[in-house]
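These are the residues of each chain, in order.
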Amino acid sequence: MRKNLGAKTYAYPMPVFIVATYDENNVPDAMNAAWGGISEENEISICLSPEHKTVKNLLQKKAFTVSMADEEHVVACDYVGIVSGNDVPNKFEKAGFHAIKSEFVDAPIIQELSFALECSMISYDEKTCRLVGKIQNVNVDEKILTADGKIDVSKLNPIVYDPANHDYLKLGAKVGNAFKDGLQLK
């Protein structure tokens, strides 16, 4: 038996993105954002309300980074989502984050988070709150790479957001092979 829950913002898995920008004085800022994903081959779309300090910064700089929150930094990643940069100007520092200047865009990479997309802004629609960014580079800490240079998700330990229960969850074990297992039915 199935049950209707109504129109909700539920999707699984929902990545926990940490969006980072510089302000006009090159002070780093970061916020937690769960509503987003890859929307084109080299684009990411994220829903961000216009009142966020991060949005004000990215509209000025036209650049941002998107890091994957991980299990090790769940407290810091949650903190930057519950405290506003408009009220706490040093929230990046209070979270224990350290900024590395991106080589590709005018935005900070969070040293503590092992995976980051470096993005230039394509568009932002204040009415729909939709930010679209062009991925200029994927920057990773070598500690999450396999011997042959691929990302090892078990080393990255990304977390996802459960919108129904307001929980953070870590990803589980491998269950199949993409673009291969379904060939059994062909």
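Residues numbered from 1 in each chain as written. Predicted model: local features only at pLDDT ≥ 70, side-chain atom pairs only at ≥ 80, totals over all residues. Heavy atoms only, no water.

Peer 1: Explain the pattern of salt bridges residue by residue, including any values.
Peer 2: Opposite charge on two side chains allows them to pair when their charged atoms are near. Taken as a whole and assessed by the stated rule, the structure comprises 4 salt bridges. Across the pair Asp106 and Lys61 runs a salt bridge, and its minimum N-O distance is 3.3 Å. Taken as a pair, Asp106 in the loop between strand E7 (99-101) and strand E8 (108-110) and Lys61 in helix H1 (residues 53-61) lie far apart in primary sequence, 45 residues in all. Classification of Lys61 as buried rests on a relative accessible area of 19%. Of the charged contacts, one joins Lys101 and Asp106 as a salt bridge, the two residues approaching to 3.1 Å between their closest N and O atoms. Of the residues examined, Asp106 reaches a relative accessible area of 28% and is grouped as partly exposed. Each of Lys61, Lys101 and Asp106 takes part in a single network of salt bridges with overlapping partners. (Salt bridge = Lys/Arg side-chain N within 4 Å of Asp/Glu carboxyl O. Helix = DSSP H or I, 4+ residues; strand = E, 2+ residues; numbered from the N terminus. Buried < 20%, exposed > 50% of the residue type's maximum accessible area, 1.4 Å probe, protein only.)

Peer 1: Lay out the nonpolar core with the relevant residues and their values.
Peer 2: Ranked by internal contacts, the top residues of the largest apolar core, which has 22 residues, are Ile44, Ile46, Leu48, Phe64 and Val66. In terms of residue count, the dominant contributor to this core is strand E9 (residues 115-125) (5 residues). Counting 20 residues, the second-largest nonpolar core is a separate cluster that includes Val16, Ala20, Val80 and Leu113. (Core = buried A, V, L, I, M, F, W, Y, C linked by side-chain atoms within 4.5 Å.)

Peer 1: Any chance you could break down the pairing of strand E10 (residues 130-140) for me, citing the residues and the numbers?
Peer 2: The side chains of a regular strand alternate, residue by residue, between the two faces of the sheet. Where strand E5 (residues 43-47) meets E10, 5 bridges bridge the pair, whose relative direction is antiparallel. In the strand pairing of E10, Ser45 is matched with Val132. As judged from the 10 bridges shared by E9 and E10, these two strands associate in the antiparallel manner. Bridge pairing in E10 links Glu118 to Asn137. (Pairing = 2+ DSSP bridges.)

Peer 1: Give a description of the sheet that holds strand E2 (residues 17-22) that names residues and reports values.
Peer 2: One open sheet accounts for 7 strands, arranged E3-E2-E6-E9-E10-E5-E4; its pairing is antiparallel. At either margin of the open sheet sits one strand with a lone partner, and together these are strand E3 (28-33) and strand E4 (36-40). The sheet shows a mean angle of 35° between the axes of neighbouring strands, taken without regard to direction. Where E2 lies against E3, 6 bridges are found, and the strand directions are antiparallel. Paired with Tyr22 across the two strands is Pro28, which belongs to E3. Sitting on the sheet, H1 is in contact with E2, E3, strand E6 (63-68), E9 and E10, with an inclination near 55° to E2. (Axes fitted to C-alpha atoms, helices over the stretch in contact; angles between N-to-C directions. Contact = heavy atoms within 4.5 Å.)

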